[in-house]
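Structural description and commentary
One letter stands for each residue in the lines below.
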Amino acid sequence: VNFSVSYSLYGACDILSDDYPSLLDNVLKAGIGYEYDQDLKPVLIGYDSETTTMVFFDFSHESIISDEPVVFEGDPGDLSLHPSFRDFLNCRHEANEITIMKLMDMRLA
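Attention in this report is confined to the structure presented alongside it. Because the structure is predicted, anything quoted here is derived from the model rather than measured.

**Re a nonpolar patch on the surface**
Where nonpolar side chains cluster on the molecular surface, the patch consists of Ile64, Ile65 and Leu81 and spans about 230 Å² of accessible area. By the element assignment, Leu81 lies in strand E5 (residues 78-82).

Okay, structure coming up:
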């Protein structure tokens, strides 16, 4: 399911694929905008190579909601922190609804 025009979320097949480790290493080498724990690297769950927009779990970051990893979304140096994956999805849904309403208004104008 694509929650944004700038990236698609990865499923388990993507994350477990042979190509995933090199993709993750390349994204991390390019920089994500902050220092991360080298022993517990972020888990990339969405990325667009053209826009560099990314979504990832960071298990080393302090949890905001008990026992849930935080989710970072955005571009290197301009990341939004979401307290949970559910919060991230709700935020994307709201943003998409606003975008659809704006597009409909433009079409009707």
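**Here's the deal with the packing of aromatic side chains**
What describes a pair of aromatic rings is the distance from one ring centre to the other and the angle between the planes of the rings. Within the structure shown, the criterion is met by 6 aromatic pairs. Summarising the aromatic geometry, the rings of Phe57 and Phe59 are spaced 5.9 Å apart at their centres and angled 45° between planes, so their arrangement reads as tilted. Note on Phe59: relative accessible area 44%, which makes it partly exposed. Taken together, the ring pairs in this structure connect Phe57, Phe59, Phe85 and Phe88 into an aromatic cluster.

**Some thoughts on the pairing of strand E2 (residues 43-47)**
Across 2 bridges, the pairing between strand E1 (residues 8-9) and E2 is antiparallel. Its bridge partner being in E2, Leu9 is matched across the sheet by Gly46. As paired strands, E2 and strand E3 (residues 54-58) are joined by 4 bridges and run antiparallel to one another. Across the sheet, the residue bridging to Gly46 is Val55, located in E3. Here E2 folds back onto E3 in antiparallel fashion, the turn holding 6 residues, of which Thr52 has a positive phi close to 65°.

**Topic: the pairing of strand E4 (residues 70-75)**
With 5 of its 6 residues buried, E4 lies for the most part within the structure. Two strands pair when backbone bridges link them, and E3 and E4 are joined in this way by 5 bridges, in the antiparallel orientation. Counted as the bridge partner of Asp58 is Val70 from E4. Here E4 runs beside E5; their pairing, made up of 5 bridges, is antiparallel. Across the sheet, Asp75 pairs through a bridge with Asp78, a residue of E5.

**Re the sheet that holds E5**
Each strand in a sheet pairs with another by means of backbone hydrogen bonds, the pair being arranged parallel or else antiparallel. In spatial order, the strands read E1-E2-E3-E4-E5; together these 5 strands make up an open sheet with antiparallel pairing. Across the chains shown, the open sheet's two edge strands, defined by having one partner strand only, are E1 and E5. Across the face of the sheet, helix H2 (residues 20-30) comes into contact with E2 and E3 while running at roughly 85° to E2.

Thresholds, definitions, all that
- Residues numbered from 1 in each chain as written.
- Predicted model: local features only at pLDDT ≥ 70, side-chain atom pairs only at ≥ 80, totals over all residues.
- Heavy atoms only, no water.
- Patch = residues over 30% accessible without salt bridge, like charges linked within 9 Å, V, L, I, M, F, W, Y side chains within 5 Å.
- Areas by Shrake-Rupley, 256 points an atom, 1.4 Å probe, with all protein chains shown as cover.
- Salt bridge = Lys/Arg side-chain N within 4 Å of Asp/Glu carboxyl O.
- Helix = DSSP H or I, 4+ residues; strand = E, 2+ residues; numbered from the N terminus.
- Phe/Tyr/Trp six-rings, centres within 6.5 Å; stacked < 30°, edge-to-face > 60°.
- Buried < 20%, exposed > 50% of the residue type's maximum accessible area, 1.4 Å probe, protein only.
- Pairing = 2+ DSSP bridges.
- Contact = heavy atoms within 4.5 Å.
- Axes fitted to C-alpha atoms, helices over the stretch in contact; angles between N-to-C directions.

Read these as geometric descriptors, not functional statements.
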